[in-house]
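One-letter residues, chain by chain:
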Amino acid sequence: MSGQEGDRSDRVGRALRASGLPALWAARYPALADARAGARASEHVCGSLGALPGAYRLAAIVALRVIGLALRVTAPRRSGPAAGYDRLARLPFAARFLAVTDSLALYGGLDGEPDT
């Protein structure tokens, strides 16, 4: 991977971690609760979003930041980010973005490493 590609993934990775989505994936999908599967899921999402053309990648980074902020704002104190996720999933843009990132995470986390 070239330095530029690594920088792209780093920026996406920081936005992804700030969004809180990896923790939600682990809570929502038991298969991603394993640390290795969760790491593969995050890596796959970062790589996929990092490979987007510049304007789309920037939009994805902004979306991750907005989703993270919205999760913190919309989550009731008792039920936490999972309830915020459910609320956001009712909004058209957020629902599509969450579905795409969930799908990428599941693909990356479940595809896994070859059996030896």
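Everything discussed here concerns the structure shown above.
Conventions adopted
Residues numbered from 1 in each chain as written. Predicted model: local features only at pLDDT ≥ 70, side-chain atom pairs only at ≥ 80, totals over all residues. Heavy atoms only, no water. Helix = DSSP H or I, 4+ residues; strand = E, 2+ residues; numbered from the N terminus. Buried < 20%, exposed > 50% of the residue type's maximum accessible area, 1.4 Å probe, protein only. Contact = heavy atoms within 4.5 Å. Salt bridge = Lys/Arg side-chain N within 4 Å of Asp/Glu carboxyl O. Axes fitted to C-alpha atoms, helices over the stretch in contact; angles between N-to-C directions. Parallel < 35°, antiparallel > 145°, perpendicular 65-115°, else oblique. Nonpolar A, V, L, I, M, F, W, Y, C, P; charged D, E, K, R; others polar. Phe/Tyr/Trp six-rings, centres within 6.5 Å; stacked < 30°, edge-to-face > 60°. Lys, Arg positive; Asp, Glu negative; His and termini not counted.

**Observations concerning the overall build of the protein**
Moving on, step 1. Helix and strand content of the protein: 6 helices and 0 strands.
Moving on, step 2. Beginning at the N terminus, the succession of helices and strands in the protein can be written as α-α-α-α-α-α.
Moving on, step 3. In the protein, which comprises 116 residues, the share counted as buried stands at 36%.
Moving on, step 4. Looking at the protein alone, contacts between residues at least 24 apart form 66% of all its contacts between residues at least 6 apart.

**Structural notes on the pattern of salt bridges**
Two side chains bearing opposite charge may form a pair once their charged atoms approach each other closely.
Moving on, step 1. What the rule picks out here adds up to 1 salt bridge.
Moving on, step 2. A salt bridge links Arg-28 to Asp-86; its shortest N-O distance comes to 3.2 Å. One end of the pair, Arg-28, is in helix α2 (residues 21–28); the other, Asp-86, is in helix α5 (residues 81–88), and 58 residues separate them in sequence.

**Details of the packing of helix α4 (residues 54–74) against helix α6 (residues 92–111)**
Moving on, step 1. Between α4 and α6, the shortest axis-to-axis distance is 11 Å and the interhelical angle comes to 105°. Viewed along their axes, α4 and α6 adopt a mutual orientation that is roughly perpendicular. Across the interface between the two elements, Ala-60, Ala-63, Leu-64 and Ile-67 from α4 touch Phe-93, Ala-94, Phe-97 and Leu-98 from α6.
Moving on, step 2. Classifying every residue of the contact of α4 with α6 gives 8 nonpolar, no polar and no charged.

**Points about the packing of aromatic side chains**
Moving on, step 1. Under the defined criterion, the tally for this structure stands at 1 aromatic pair.
Moving on, step 2. Where Phe-93 meets Phe-97, the ring centres are 6.1 Å apart and the plane angle is 20°; that geometry is what we call stacked. Within this pair, Phe-93 and its partner Phe-97 are both found in helix α6, separated by 4 residues, close to a single helical turn.

**With respect to the side chain of Asp-102**
Moving on, step 1. Tracing the chain through its elements places Asp-102 in helix α6.
Moving on, step 2. Buried and unpaired, Asp-102 has Arg-28 as its nearest opposite-charge partner, separated by 4.5 Å.
Moving on, step 3. Setting aside residues no more than four positions away along its own chain, Asp-102 makes contact with Trp-25, Tyr-29 and Tyr-85.

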